[in-house]
Amino acid sequence: MATGTTIAAGTPTNGEGAGPDPATVAEQVRTAVLGVAGVAGLHPGTGGVEVATQFAGGKISGIRLGDPVEVHVRIDPVPIGPLAEQVRDAVRTVLATFGQHPSVDVVVADIGLVVPSTDDGRS
């Protein structure tokens with residue numbers, strides 16, 4: 001019976017280099033996600049449960065490799081559906097370069113709202 005450890009598809013489990021380095025995959029996913037117009041940043045998760053890919057020497061918050069891959073984002077005030085699909089496509093493109101084809105869940109964890117100016121232009 002599994003003990004709750006999630007290992008991304010293609011991730012080496014025996015130290016013999018059976019798949020791509022999770023740090024490299026997560027870094028490239030992060031770069032692709034942050035390159036999508038309307039994404040303000042990654043979000044570490046809510047409710048006290050951190051979403052992250054951990055690896056020797058660090059972690060990348062907001063991305064959890066596995067099946068499904070989870071990507072939690074903060075976005076600008078833009079239509080959510082199209083943006084989530086663009087993020088999903090960007091992640092799938094990166095994962096395909098590593099021979100990985102898991103499902104991808106995009107979670108919009110925060111939306112930056114435009115705060116109306118109180119300056120009415122009068123002096």
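What counts as what
Residues numbered from 1 in each chain as written. Predicted model: local features only at pLDDT ≥ 70, side-chain atom pairs only at ≥ 80, totals over all residues. Heavy atoms only, no water. Core = buried A, V, L, I, M, F, W, Y, C linked by side-chain atoms within 4.5 Å. Buried < 20%, exposed > 50% of the residue type's maximum accessible area, 1.4 Å probe, protein only. Helix = DSSP H or I, 4+ residues; strand = E, 2+ residues; numbered from the N terminus. Contact = heavy atoms within 4.5 Å. pLDDT = per-residue confidence, 0-100. Pairing = 2+ DSSP bridges. Right-handed = clockwise from strand over helix to strand, strands pointing away. Salt bridge = Lys/Arg side-chain N within 4 Å of Asp/Glu carboxyl O. Axes fitted to C-alpha atoms, helices over the stretch in contact; angles between N-to-C directions. Left-handed = near helix turned anticlockwise from the far one by under 90°. Nonpolar A, V, L, I, M, F, W, Y, C, P; charged D, E, K, R; others polar. Expected span 1.5 Å × (residues − 1). Arc of directions from axis to C-beta.

1. Observations regarding the nonpolar core
The biggest cluster of nonpolar side chains holds 23 residues, and the ones touching the most others in it are Val29, Val33, Val71, Val73, Val87 and Val91. Listing elements by their share of this core, those giving two or more residues are helix H1 (22-34), strand E1 (39-42), strand E5 (69-75), helix H2 (80-97) and strand E6 (104-111). Top contributing element to this core by residue count: H2, with 7 residues. Valine 87 has contacts with Val33, Val36, Val39, Val71 and Val106, leaving out every residue within four places of it along the chain.

2. Quick word on the confidence of the model for the protein chain
Summary statistics for the protein chain give a mean pLDDT of 85 and a share of 81% for residues scoring 70 or more. Contacts from residues 1-16, a stretch scored under 50 in pLDDT, to residues over four places away or in other chains number 16 contacts.

3. Focus on the pairing of E6
Regular strands place side chains that alternate from one sheet face to the opposite one. With 7 bridges connecting them, E5 and E6 associate as parallel partners. Of the residues in E6, the one forming a bridge with glutamate 70 is aspartate 105. A crossover links E5 with its parallel partner E6, the connecting element being H2, and its sense is right-handed.

4. Description of the pattern of salt bridges
For the structure on display, the rule yields 5 salt bridges. Between glutamate 85 and arginine 88 there is a salt bridge, and its shortest N-O distance comes to 2.7 Å. In this pair, glutamate 85 and arginine 88 are both assigned in helix H2, 3 residues apart and thus about one turn of the helix distant. Among the residues examined, glutamate 85 registers a relative accessible area of 34% and is labelled partly exposed.

5. Quick word on the environment of glutamine 28
If you trace the backbone, glutamine 28 turns up in helix H1. In sequence terms glutamine 28 and valine 91 are 63 residues apart; their C-alpha atoms lie 8.7 Å from each other. If we ignore the near neighbours within four places in the chain, the residues touching glutamine 28 are Val94 and Phe98.

6. Things to note about the packing of H1 against H2
As a packed pair, H1 and H2 sit with axes 9 Å apart at the nearest point and diverge in direction by 145°. In this structure, H1 meets H2 at a crossing whose hand is right-handed. Facing H1, whose interface residues are Val25, Gln28, Val29, Ala32 and Val33, H2 presents Val87, Ala90, Val91, Val94 and Leu95. Here the contact of H1 with H2 is composed, by residue class, of 9 nonpolar, 1 polar and no charged.

7. Details of H2
Between its terminal C-alpha atoms H2 stretches 26 Å, which fits the 26 Å expected from 18 residues at 1.5 Å a residue. The complete set of buried residues in H2 reads Leu83, Ala84, Val87, Arg88, Ala90, Val91, Val94 and Leu95. For H2, the angular spread of the buried residues around the axis is 160°, confining them to a single face. Opposite its buried face, H2 presents the exposed residues Thr93 and Thr97, each directed more than 90 degrees away. Looking at the buried residues of H2, the elements they touch are H1, E1, E5 and E6. Within two residues after H2, glycine 99 carries a phi angle of roughly 75°, on the positive side.

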